[in-house]
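# Descriptive structure summary
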Amino acid sequence: MSDLTRKTAAELSALLSAGEVSAREVTDAHLDRIAAAEPSVHAFLHVNAEGARAAADDIDRKRAAGEELGALAGVPVAYKDLLVTTDMPTTAASRILEGWMSPYDATPVAKTRAAGMIPLGKTNMDEFAMGSTTERSAYQVTSNPWALDRIPGGSSGGSAAAVAAFETPIALGSDTGGSIRQPAHCTGIVGVKPTYGGVSRYGAIAMASSLDQIGPFGRTVLDAALLHDVIAGHDRNDSTSLTDAWPSFAEAAQNRDLRGVKVGVIAELNTDGVQDGVRAQFRAALDVLAAAGAEIVEVSLPKLEYAIAAYYLLMPAEVSSNLAKFDSVRFGLRVNPQGGGTVEDVMSATREAGFGPEVKRRIILGTYALSAGYYDAYYGSAQKVRTLVQRDFAAAFAQVDVLVSPTAPTTAYKLGEKLGDPVAMYLGDVATIPANLAGIPGMSLPVGLAAEDGMPVGLQILAPAREDARLYRVGGALEALLHETWGGALIAQAPELTGGAR
Amino acid sequence: MTDITAEQVEHLASLARIALTPDEITHFAAELTDIMHAVEQVNEVAGDDVPPTSHPIPLANVSRADEVANVLDREEALKGAPEHDGSRFVVTAILGEEQ
Amino acid sequence: MAKAELMDYEQALELFEPVIGLEVHVELSTTTKMFSAAPNEFGDDPNTNITPTCLGLPGSLPVVNETAVRYSISLGLALGCSIAESSRFARKNYFYPDLAKNYQISQYDEPIAFEGSVEVELSDGRTYQVPIERAHMEEDAGKLTHVGGATGRIQGAEYSLVDYNRAGVPLVEIVTRPIFADRDAPELAKAYVATIRDMVIALGVSHARMDRGNLRCDANVSLRPRGTEKLGTRTETKNVNSLRSIERAVRYEIQRQAAILAKGGSITQETRHWHEDTGATSPGRPKSDADDYRYFPEPDLLPVEPSRELIEELRAALPEPPAARRRRLKADWGFTDLEFQDVVNAGLLSEIVETVAAGATPAAARKWWTGEIARLANQSDREPSELVSPAHVAELQGLVDAGTLTDRLARQVLEGVIAGEGSPQQVVDARGLAVVSDDGALIAAIDAALAQQPDVLEKIRDGKVQAAGAVIGAVMKAMGGQADAARVRELVLERATA
């Protein structure tokens, strides 16, 4: 039953609970697909074949015994490799953690296990989530299933590519400046960054603590919602996790009514700088919304132009401190310098050898931004910009229910195209970074293909903090209208994978 | 406009415990200068009247009860270490004094 | 290490005025650590009291211990400080192997408590108001053991072992403003730390065992030429871990710095380490621009904003201030001025309070602590409180009161307790030291003594009761001291009148 991999998580859930397929069959189908697709996609850093089959058999036994199981019990899932796991290595795609086994599970992982989901493996990413292309993994480059010579986006590119290539129906990623939404845009799937604190960060290897958030990928809005429902909620191990009682996102995703919804188009993100095909599909999506009764207005958020600058001060500052723990003492790599040396020399040699260039660049940048004498001008000022961005959002949300923009200014570009120019790469995050600064939730969902390159285009929907359900209500309704037009999901139009060549 | 010199990068690298090569130092000095020029614009709008934001969602007084939890088995704790003696982590000789 | 030149203390004080500043770290006696739910226990096997957070494992996060915050606020209030309406944690970034995350979570520009004052009494009864700048919450580091090399110290070691059991133990750091106590500086430094110690014990927020590092003091010392305003360059002496050494260390630094300054030299701003064995300080790391800790607000933690109600609740529960407490205790105990000052000077107030609480009379408690225990402590160069617990002293006195022990036997039992043989009762049992209370054995001994001195009974019957003394002495000797002289006397008198 190889077409099981073409099913959504919601469809698999129905088949599983009806007893029409076993978790083992679903798991085997996905492991077979992984075996077939990996030589060309390279989405996984670790495939948990044995563990996945054992977990599936366990679920099948429980179901046979009549145990009460969650909606996603028996449905496979993949984890971005920065979520620590006890049964699979966790590397954050860095040499410095090669082969490391965590003695504890990240909370989002533990929640999926408790829900009976099947852990297929760990997905590739930019090293420590630093990048927008997944090319900065220390281990391998992941390809975009739509065009193997293009980036899948990043940093959660492995999870996005795995979902887009039907290797897993759903996956977890992390989003610090767009690392879920941008790869979702690049690969034609749905990705959600929850409200900051909506999902526990415990066990998610930190990049920038005040910006990081764990979230779901799926090929449909409903699938993302189902996974979001599993991972959401308070965790006493994470001080910043919210105590809110979240509504059912899966229920919200089944809304089909857009009448009277006020949609604000962010003027600053809908400019000539955006690729033509991206703008065209964005406009077309606005027309669909308007035709369904939504009210489209343009809103201005004037301080967004400072968001990237603030982000590239705050993020590296937190990075420089968060990554200090990788020092060769308690875990991970140790490199002894030639001729021996003191522990300081060993730490410095280990970090030189264990970190890739982007990681080092950000650590040095952050160390500089926090240095005595520069703190007020850089870190302090960036925190003030954060306040201004929040105020802009507050003013905008006083007028509209949701804000929308293209998720990124361009479609997925060619591998290697921007590797040599960090500033250019940073500018690609212009649309996604503001939500992280403000802590608000955001979704990217596919709205079409760019005419000039045939690559997917994502629409970003933003909602006020704690109003994640709004993303699913608007996204779910828009998706249903688009699926009608397309006669199915956009991802069905992706080409078959061909060979292992890239 | 602030330029970052190779000497500064060297100092920053020593604070951050990264044994950068001379090539990396030169390279980073140029790149970091570019990046800093791009991000310095935050100062344009960061007036004295704007309060800083540290946390995206304002919360306070999040604490836990004083009860034992999450304790690791020592073997589990040591197993990921590059070197240990069965009860403690082993590091090579320390140059500096305790702070 | 070349021995530093020291100037005569009196001469140093003629030329220079010392200014001191003290930083006291108090380990809080919570059940778990500051930011992790690992047990806060001293002396357990290495790396057994740890969670992912204590080791700084990838993905781990800190969560504030609510009891540690309450203790810190109580301590802040007892120091006469204002409690911040909003207080934040910050990261202090530096690499060191005992610091699991290579940053310490501390407080920087927004401490929990600030601007207070503590009344400190000197041995002659004069008092100082020591100004407190701030008290802030932070976490302790792990413990390094240096292996190889001759000294067991960091210099010359081949490798080091790291135990993270202590990593994350809650600390409150209390920082004074500069203290202008002139020639009282060394004594005041000691008295201040003793006052903090008594305070945290009375608050019940710390075990305050200096020998275990529960209470640690760093002493900043600078000198300025007499008659000048500008403060001199200061040194920070670390590792000063007993009340006695605080006084000695401050005195030493005054003498060392004076010798340098008098020769026209200058003081290097540096950390120095106190060595208990040699009674000297040695230079540590020089303070330099490299000490760039890159403080920034801890993004994994949220502000602490104690409510008015909480602060008032904790304020109402505060024990009385040390000076008021001393006045009350003196009245309660009925000690003379001299007796009371002896106790205060020996830093034994809390010991006596606890001994009395455990059931002994104030007089008996004072007798033990300022007498035999102080003598033994002096002999072994330790603090009385390190030798024996107040509960054991009270138990010992109880055995004397019950007639189980004579004073002489009780001193032997005390030695046993100090030697680690167990509680007083256990020592009595193990050493067989109890007074013989079996009348049969006593009567046999009395009969034997009377047989030697047949005229004694006659004398007693004639009213010369003091003649009994000779028999009592002989019986006590025969019983090896383990008899109650009063009971023997009773029995002898009974024989005479039978």
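Analysis parameters
Residues numbered from 1 in each chain as written. Chains lettered and ligands numbered in written order. Predicted model: local features only at pLDDT ≥ 70, side-chain atom pairs only at ≥ 80, totals over all residues. Helix = DSSP H or I, 4+ residues; strand = E, 2+ residues; numbered from the N terminus. Rg over C-alpha atoms; globule rule 2.2 N^0.38 Å. Buried ≥ 20, exposed ≤ 12 C-beta atoms within 10 Å, placed from the backbone. Contact = placed C-beta atoms within 7 Å. Pairing = 2+ DSSP bridges. Axes fitted to C-alpha atoms, helices over the stretch in contact; angles between N-to-C directions. Nonpolar A, V, L, I, M, F, W, Y, C, P; charged D, E, K, R; others polar. Left-handed = near helix turned anticlockwise from the far one by under 90°. Core = buried A, V, L, I, M, F, W, Y, C linked by C-beta atoms within 7 Å. Expected span 1.5 Å × (residues − 1). Arc of directions from axis to C-beta.

With that settled, consider the overall build of chain A. Within chain A, the regular secondary structure consists of 16 helices and 11 strands. Expected size for 502 residues packed as a compact globule is a radius of gyration near 23 Å; at 21 Å, chain A falls within 12% of this value. On the principal axes, the C-alpha backbone points of chain A span a range of 65 × 55 × 45 Å.

With that out of the way, let us pick up the overall build of chain C. The helix and strand tally for chain C stands at 17 helices and 15 strands. By its C-alpha atoms, chain C is 95 × 55 × 55 Å across when sized along the principal axes. Per-residue burial for chain C yields a buried fraction of 47% across its 498 residues. Long-range contacts, defined here as pairs at least 24 residues apart, represent 68% of the contacts in chain C between residues at least 6 apart.

This paragraph deals with the sheet that holds strand β11 (residues 456-462) of chain A. All names here are of chain A. In space, the 11 strands of this open sheet follow the order β1-β3-β2-β4-β6-β5-β10-β11-β9-β7-β8, with mixed pairing throughout. Both outer strands of the open sheet, β1 (44-47) and β8 (295-299), are each paired with one neighbouring strand and no more. Ignoring which end each strand starts from, the neighbouring axes of this sheet average 30 degrees apart. In this sheet, β11 lies alongside strand β10 (residues 442-449) in antiparallel orientation, the contact comprising 7 bridges. Considered in β11, the bridge of leucine 445 is made with leucine 459. Contacts from helix α5 (residues 157-164) reach β1, β2 (76-80), β3 (118-123), β4 (170-174), β5 (190-193) and β6 (214-218), with the element oriented near 160 degrees to β4. Against the sheet, helix α16 (residues 468-486) touches β5, β9 (402-406), β10 and β11, its axis set at about 10 degrees to β10.

Turning our attention to the interface of chain A and chain C. With 35 residues of chain A at the contact, the number on the chain C side is 25 residues. Breaking the side of chain A that touches chain C down by element, the ones donating at least two residues are α10 (307-322), α11 (343-354) and α12 (357-370) of chain A. At 3 residues, α10(A) tops the list of elements feeding residues into the side of chain A that touches chain C. Taken together, the residues that form the side of chain A that touches chain C break down as 17 nonpolar, 11 polar and 7 charged.

Residue and element names in this part refer to chain A. Among the 5 residues of β4, 5 are classified as buried, and the element is accordingly described as predominantly covered. Burial along β4 is two-sided: the face carrying Ile170, Leu172 and Ser174 and the face carrying Ala171 and Gly173 are both buried. With 3 bridges joining them, β2 and β4 adopt parallel strand pairing. Note that in β4 the partner of alanine 78 across the bridge is alanine 171. Across 5 bridges, the pairing between β4 and β6 is antiparallel. By the bridge assignment for β6, leucine 172 is matched with proline 216.

A word on the packing of helix α2 (residues 66-78) of chain C against helix α5 (residues 308-316) of chain C. Residue and element names in this part refer to chain C. It is at 9 Å that the axes of α2 and α5 come closest, and there the two elements cross at 65 degrees. As for how α2 packs across α5, the hand of that crossing is right-handed. In this structure, α2 contributes Arg70, Ile73, Ser74 and Leu77 to the contact, and α5 contributes Ile311, Leu314 and Arg315. Each residue belonging to the contact of α2 with α5 can be placed in one class, and the counts come to 4 nonpolar, 1 polar and 2 charged.

Moving on: the nonpolar core. Across soluble globular proteins, you tend to see nonpolar side chains buried next to one another. Of all hydrophobic cores here, the largest spans 293 residues; its most connected members are Ala310(A) and Leu313(A). Tallying contributions element by element places helix α3 (residues 185-203) of chain C first for this core, with 12 residues. Grouped together as the second largest cluster of nonpolar side chains are 42 residues, Ala394(C), Leu396(C), Leu433(C) and Val456(C) included.

Moving on to α12(A). Residue and element names in this part refer to chain A. For α12, with 14 residues, the first-to-last C-alpha span of 20 Å sits near the 20 Å given by 1.5 Å per residue. Of all 14 residues that make up α12, 12 are buried, and the element is covered over most of its length. Residues Val359, Lys360, Arg361, Arg362, Ile363, Ile364, Leu365, Gly366, Thr367, Tyr368, Ala369 and Leu370 constitute the buried set of α12.

Residues and elements named next belong to chain C. Here 2 bridges tie strand β3 (residues 82-83) to strand β6 (residues 113-121), and the two strands are oriented antiparallel to one another. Residue pairing in the sheet places isoleucine 83 in a bridge with alanine 113 of β6. For β6 and strand β7 (residues 127-139), the ladder comprises 8 bridges, and the chain directions are antiparallel. Paired with serine 117 across the two strands is proline 131, which belongs to β7. The antiparallel pairing of β6 with β7 creates a hairpin that spans 5 residues between the two strands, and glycine 125 there sits at a positive phi of about 95 degrees.

Turning our eyes to something else, we now look at helix α12 (residues 407-418) of chain C. All names here are of chain C. When the terminal C-alpha atoms of α12 are compared, their 17 Å separation across 12 residues agrees well with the 16 Å that a helix rising 1.5 Å per residue should span. Buried within α12 we find Ala410, Val413, Leu414 and Val417. Down the axis of α12, the sector holding all buried residues measures 110 degrees, keeping them to one side. Where α12 is buried, its residues meet α9 (362-380), α11 (390-401) and α13 (424-431). Once α12 ends, the next one or two residues include glycine 420, with phi positive near 85 degrees.

We now examine the interface of chain B and chain A. Opposite the 45 residues of chain B that make contact, chain A presents 57 residues. Mapped by element, the contributors of at least two residues to the side of chain B that touches chain A are α1 (6-15), α2 (22-39), α3 (42-45), α4 (74-79) and β2 (89-92) of chain B. A per-element tally of the side of chain B that touches chain A places α2(B) first, with 7 residues. Partitioning the side of chain B that touches chain A into residue classes produces 32 nonpolar, 8 polar and 5 charged.

This paragraph deals with unusual backbone geometry. The peptide bond linking Gly154(A) to Ser155(A) adopts the cis configuration, its omega dihedral lying at 10 degrees. Along the chain, Ser155(A) falls in the loop between β3 and α5. Residues other than glycine seldom take positive phi values, yet Ala129(A) does so here, at roughly 70 degrees. Tracing the chain through its elements places Ala129(A) in the loop between β3 and α5. For Ala129(A), a count of 29 C-beta atoms within 10 Å puts it in the buried group. For Arg17(B), which is not glycine, the phi torsion reads 50 degrees and is therefore positive. Position of Arg17(B) relative to the elements: it lies in the loop between α1 and α2. Given 24 C-beta atoms within 10 Å, Arg17(B) falls into the buried group.

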